[in-house]
Amino acid sequence: STGGAVATPEDHDVEYLTPVSIGTPEQILNLDIDTGSSDLWVFSSETSRSEVKGQTLYDPSNSSTAQKLEGYTWSISYGDGSSSAGEVYLDTVSIGALTVSSQAVEVAQKVSSEFTSDSNNDGLLGLGFGSLNTVQPNAQKTFFDNAMPALDSPVFTADLKAGIPGRYNFGYIDPNAYTGNITYVSVDDSQGFWDWTSPGYAIGSGSFENTTIKGIADTGTSLLLLPSSVVSAYYGKISGAKYDSTQAGYVLPCSPTPPDFAFGVGDDGAAIVLPGKYINYAPTGSSGTTCFGGIQGDSGIGFAIFGDVALKAAFVVFDGGSKTLGWASK
Ligand SMILES: C[C@H](Cc1ccc(C(C)(C)C)cc1)[C@H](NN)c1nnnn1Cc1ccc2c(c1)OCO2
């Protein structure tokens with residue numbers, strides 16, 4: 001079997017939302033597919049009313065296929081400080097033509113203010129490794145883990161785009177979605193992430209800097225978070241760029257367009273090039289002359305995060321069979 005669905009960017013590509021069908025008859029929620037976590041949780045009829053602001057709610061009592069996992073709970077805190085918690089049902093979940101009949105659907109009873117204020121986001125669908133799942137007393141499998149045995153090929157692909165809809169596909173690699181070759185690299189799943197190591201980077205037309213960058217491919221993080229040495233080298237090339245403590249990040253003049261940023265993939269010289277305009281993440285004020293940088297530091301996290309700013313420059317294969325990541329330009 002195969003499946004897939006569109007991934008539509010919210011403002012500034014801060015996140016990408018994908019329609020996911022849950023229950024019988026189907027209830028369609030727009031979820032943030034997140035390769036950096038492993039819980040599938042949704043706003044629901046059980047979410048406290050004061051914490052709901054416009055989201056679509058999954059109501060298990062309206063699904064003939066919903067089964068409550070009595071005594072099961074979940075609670076998650078994300079690296080950006082947001083959090084949510086609740087109870088657990090099993091129900092039928094589909095992404096396009098791909099259906100998992102007994103998927104753990106974690107219904108939120110509480111969500112933090114960051115989720116409440118994001119009215120278009122109806123929840124997260126985690127595609128990290130199972131060890132990250134927070135359900136107690138027994139961890140639950142991800143949609144991909146449940147689907148994998150039935151898939152034509154044990155893979156899913158992320159084809160995110162700048163400012164326009166892209167796609168997540170399951171079970172096949174679309175040869176029309178990328179250019180050149182796909183370079184596969186090994187993944188360390190010991191922390192539950194799609195964790196890989198880039199051999200280095202280049203700034204604009206500059207020479208390639210060999211420095212290992214270990215980080216995760218994370219569709220659920222907006223920015224590209226890199227070691228401070230790389231980040232200061234990049235912004236050091238841009239007159240007027242500076243670290244702004246009030247913004248808690250590097251800001252830069254929105255024009256002229258900043259230099260491209262390339263990160264290496266594999267040891268054959270392959271690289272993914274981010275056009276400089278991707279680094280103009282969003283204007284910081286009303287004048288539009290200063291932009292918040294799409295590349296920021298990863299200090300305090302312990303690893304780099306190849307978030308949407310990086311992923312939208314590539315076609316990425318998440319191979320659950322060989323536990324490898326495939327990177328291609330497009
Ligand atoms: C943050 C997202 C998870 C999320 C997504 C969306 C949202 C909102 C809808 C409310 C906007 C909140 C949360 C990420 N997913 N793998 C994640 N989940 N756990 N760690 N990370 C990545 C990380 C880790 C550390 C950091 C960071 C990021 O930004 C700053 O420091």
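For the structure itself, consult the block above.
As the structure is a computational prediction, the values presented were derived from the model and not from experiment.

A.B. asks: Explanation requested: helix 3 (residues 228-235) in the structure shown.
C.D. replies: Those residues of helix 3 that sit buried are Val-230, Val-231, Tyr-234 and Tyr-235. Each buried residue of helix 3 sits inside an arc of 120 degrees when the element is viewed along its axis, so together they form one side.

A.B. asks: Explain the site of the ligand to me, please; I cannot follow it from the model alone.
C.D. replies: Around the ligand there are 17 residues in total, and Asp-34, Tyr-78, Gly-79, Asp-218 and Thr-221 lie nearest to it. The backbone of Gly-36 places a nitrogen or oxygen atom 3.3 Å from a nitrogen atom of the ligand. At 2.7 Å, a side-chain N or O of Asp-218 approaches a nitrogen atom of the ligand. Only strand 3 (27-34) and helix 1 (113-116) provide two or more residues apiece to the shell around the ligand. Here the residues of the shell around the ligand are counted per class, giving four nonpolar, six polar and seven charged.

A.B. asks: Which parts of the structure should I look at to understand the state of the cysteines?
C.D. replies: Such a bond, covalent and formed between the sulfur atoms of two cysteines, is termed a disulfide. All chains considered together, the criterion is met by one disulfide. With a sulfur-sulfur separation of 2.2 Å, Cys-254 is cross-linked through a disulfide to Cys-291. Residues Cys-254 and Cys-291 are joined through a disulfide that is right-handed, its torsion about the S-S bond being 110 degrees. Of this pair, Cys-254 sits in the loop between strand 16 (249-253) and strand 17 (261-265) while Cys-291 sits in strand 20 (residues 290-293), and the two are 37 residues apart along the sequence. You can call Cys-254 buried: its relative accessible area is 14%. You can call Cys-291 buried: its relative accessible area is 5%.

A.B. asks: Can you help me understand the sheet that holds strand 20 in this one?
C.D. replies: The strands making up a sheet are joined through hydrogen bonds of the backbone, oriented either antiparallel or parallel. Strand order in the open sheet made by the four strands is 15-16-20-19, with antiparallel pairing throughout. Of all strands in the sheet, those with a lone pairing partner are strand 15 (242-244) and strand 19 (280-283), marking the two edges. Across this sheet, the average inter-strand angle for adjacent strands is 45 degrees, counted without regard to direction. Judged from the three bridges that link them, strand 15 and strand 16 form a sheet pairing that is antiparallel. Bridge pairing links Lys-242 to Val-251 in strand 16.

A.B. asks: Where do I start with the pairing of strand 9 (residues 155-159) in this structure?
C.D. replies: Within a regular strand, the side chains alternate between the two sheet faces. In terms of burial, strand 9 is a largely internal element, five of the five residues being buried. Residues Val-155, Thr-157 and Asp-159 line one face of strand 9 and the alternating positions Phe-156 and Ala-158 line the opposite face, and both faces are buried. Across four bridges, strand 9 lies against strand 23 (residues 315-319) in antiparallel orientation. Paired with Ala-158 across the strands is Val-316, a residue of strand 23. Inspection of the sheet shows strand 9 paired to strand 10 (residues 166-170) by four bridges, in the antiparallel sense. Pairing of Asp-159 across the sheet is with Arg-167, part of strand 10. Between strand 9 and strand 10, which follow one another and run antiparallel, lie six residues, and Gly-163 among them has a positive phi close to 75 degrees.

A.B. asks: Can you help me understand the side chain of Asp-319 in this one?
C.D. replies: As for its position among the elements, Asp-319 is in strand 23. For the buried Asp-319, no salt bridge exists, and the shortest N-O distance to an oppositely charged side chain is 9.8 Å, to Lys-323. At a separation of 2.8 Å, a polar atom in the side chain of Asp-319 contacts the main-chain amide nitrogen of Gly-321. With residues up to four places along the chain from it excluded, the contact list for Asp-319 reads Pro-154, Val-155, Trp-194 and Thr-324.

The rules behind these values
Residues numbered from 1 in each chain as written. Predicted model: local features only at pLDDT ≥ 70, side-chain atom pairs only at ≥ 80, totals over all residues. Heavy atoms only, no water. Buried < 20%, exposed > 50% of the residue type's maximum accessible area, 1.4 Å probe, protein only. Helix = DSSP H or I, 4+ residues; strand = E, 2+ residues; numbered from the N terminus. Arc of directions from axis to C-beta. Near = heavy atom within 4 Å. Polar contact = N/O pair within 3.5 Å; in protein donor to acceptor, adjacent residues only side chain to side chain. Nonpolar A, V, L, I, M, F, W, Y, C, P; charged D, E, K, R; others polar. Disulfide = S-S within 2.5 Å. Pairing = 2+ DSSP bridges. Axes fitted to C-alpha atoms, helices over the stretch in contact; angles between N-to-C directions. Lys, Arg positive; Asp, Glu negative; His and termini not counted. Salt bridge = Lys/Arg side-chain N within 4 Å of Asp/Glu carboxyl O. Contact = heavy atoms within 4.5 Å.

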